[in-house]
Amino acid sequence: MPPVFAHGRLRLYLLKLLDEAPRHGYEVIRLLEERFQGLYAPSAGTVYPRLAKLEAEGLVTHATEGGRKVYSITEAGRAELADRGGELADLELEIRDSVSELAAEIRDDVRGAAGALRREMRAAASATATPVEDASWAAAKEELRKAKQEWKEQARRAKDESRRAREEAQQARRQAKEAQERAREEVMRIAGQLQEQFAKSGGVLGNLAGTWLGGSTSGASGASSTGAGTGTAGAAADSHWAEDLAPTGDPARDLDRLLDRFRDDVRDAARDHGVTPAKLAEARAHLAAAAERLAEALRPPR
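Residues numbered from 1 in each chain as written. Predicted model: local features only at pLDDT ≥ 70, side-chain atom pairs only at ≥ 80, totals over all residues. Heavy atoms only, no water.

### A short note on the sheet that holds strand β3 (residues 68-73)
- Taken in spatial order, the three strands line up as β1-β3-β2 in an open sheet, and their pairing is antiparallel. The strands lining the two open edges of the sheet, one partner per strand, are β1 (23-24) and β2 (60-65).
- Sheet topology places β2 next to β3; six bridges connect them, and they run antiparallel. Looking at the pairing, Thr 61 lines up with Ser 72 of β3. (Pairing = 2+ DSSP bridges. Helix = DSSP H or I, 4+ residues; strand = E, 2+ residues; numbered from the N terminus.)

Right, here's the structure in full:
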């Protein structure tokens, strides 16, 4: 018989069971037996050493209640479970398949036992030359009928579970793929609009940098700091500011890099020249104007 759990899969499923609720080792064994519809139950020598190893790795912890160790998952365990979400969905399918395989083996065993029983009964009938339709034969046939009925029911449940799990996994994969496609399309749409608006604005980020480097610490009035105060210094900064940042081909990433450079330049200016209440008020006015211009540049065309 192939192994019920592939290498490392039981470890993952133990984390899943403990993520559902804190449990002691015997309860974990019982739950696994239920998930396999009574066709498989791991031994204590299989489960407890793995729980101890998970605890040594900081993925689970335990508290003693009524003389038993009750295991709980830790934040590190939840993080690993989240990272392996796709693998967990595949594991659920594997468990359904394992149930089907175990049910098939039971079916074969039942068929083999039934065949052997028939042969023995025929041999006994031939040897004694007496009718075999007695109470023992009737009891044997009834036991055989019950065994067949039980196998059919287990096979039906296993087939239904496997079909349901396969449909759920396929639906989850479709939803994940659709979400990724929508996110990608949205990023590409925003990036295209950003590139278009950036070109139309005549270099909004360059003018913004010019505002800070050429006008924010000049001591001009509030009116000049929010409007026409960029002037020649702004144009010069537009031509040369951040020109060492080579384009990556991804407009959204290029924008993040430019914003990082802008923030660093402003912090350097504040560190070199100091910040007074008056300069802070002037800086706030510059930021408000810059934010408004950038937001307008990033909006879709009307």
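### As for the environment of Leu 93
- Tracing the sequence through the fold places Leu 93 in helix α5 (residues 85-128).
- Sequence separation of Leu 93 and Glu 168 is 75 residues, and the distance between their C-alpha atoms is 9.5 Å.
- Excluding residues that lie within four positions of it along the chain, Leu 93 makes contacts with Ser 162, Ala 165, Arg 166, Ala 169 and Arg 173. (Contact = heavy atoms within 4.5 Å.)

### Points about the packing of helix α1 (residues 9-20) against helix α3 (residues 44-56)
- In contact at an axis separation of 10 Å, α1 and α3 are set at 75 degrees when each is read in the N-to-C sense. With respect to each other, α1 and α3 are oriented roughly perpendicular. Where α1 abuts α3, its residues Leu 10, Arg 11, Leu 14, Leu 15 and Leu 18 lie against Thr 46, Val 47, Arg 50, Leu 51 and Leu 54.
- Here the contact of α1 with α3 is built from residues that sort into seven nonpolar, one polar and two charged. (Axes fitted to C-alpha atoms, helices over the stretch in contact; angles between N-to-C directions. Parallel < 35°, antiparallel > 145°, perpendicular 65-115°, else oblique. Nonpolar A, V, L, I, M, F, W, Y, C, P; charged D, E, K, R; others polar.)

### Description of α3
- Spanning 13 residues, α3 covers 18 Å between terminal C-alpha atoms, matching the ideal 18 Å at 1.5 Å per step.
- Within α3, the full set of buried residues consists of Val 47, Leu 51 and Leu 54. Burial along α3 is one-sided: seen end-on, the buried residues are contained in an arc of 65 degrees. Opposite the buried face of α3, by more than 90 degrees, sit the exposed residues Gly 45, Lys 53 and Ala 56.
- For α3, the elements touching its buried residues are α1, α2 (25-35), β2 and β3.
- Directly beyond the C-terminal end of α3, a positive phi value near 80 degrees is found at Gly 58. (Expected span 1.5 Å × (residues − 1). Buried < 20%, exposed > 50% of the residue type's maximum accessible area, 1.4 Å probe, protein only. Arc of directions from axis to C-beta.)

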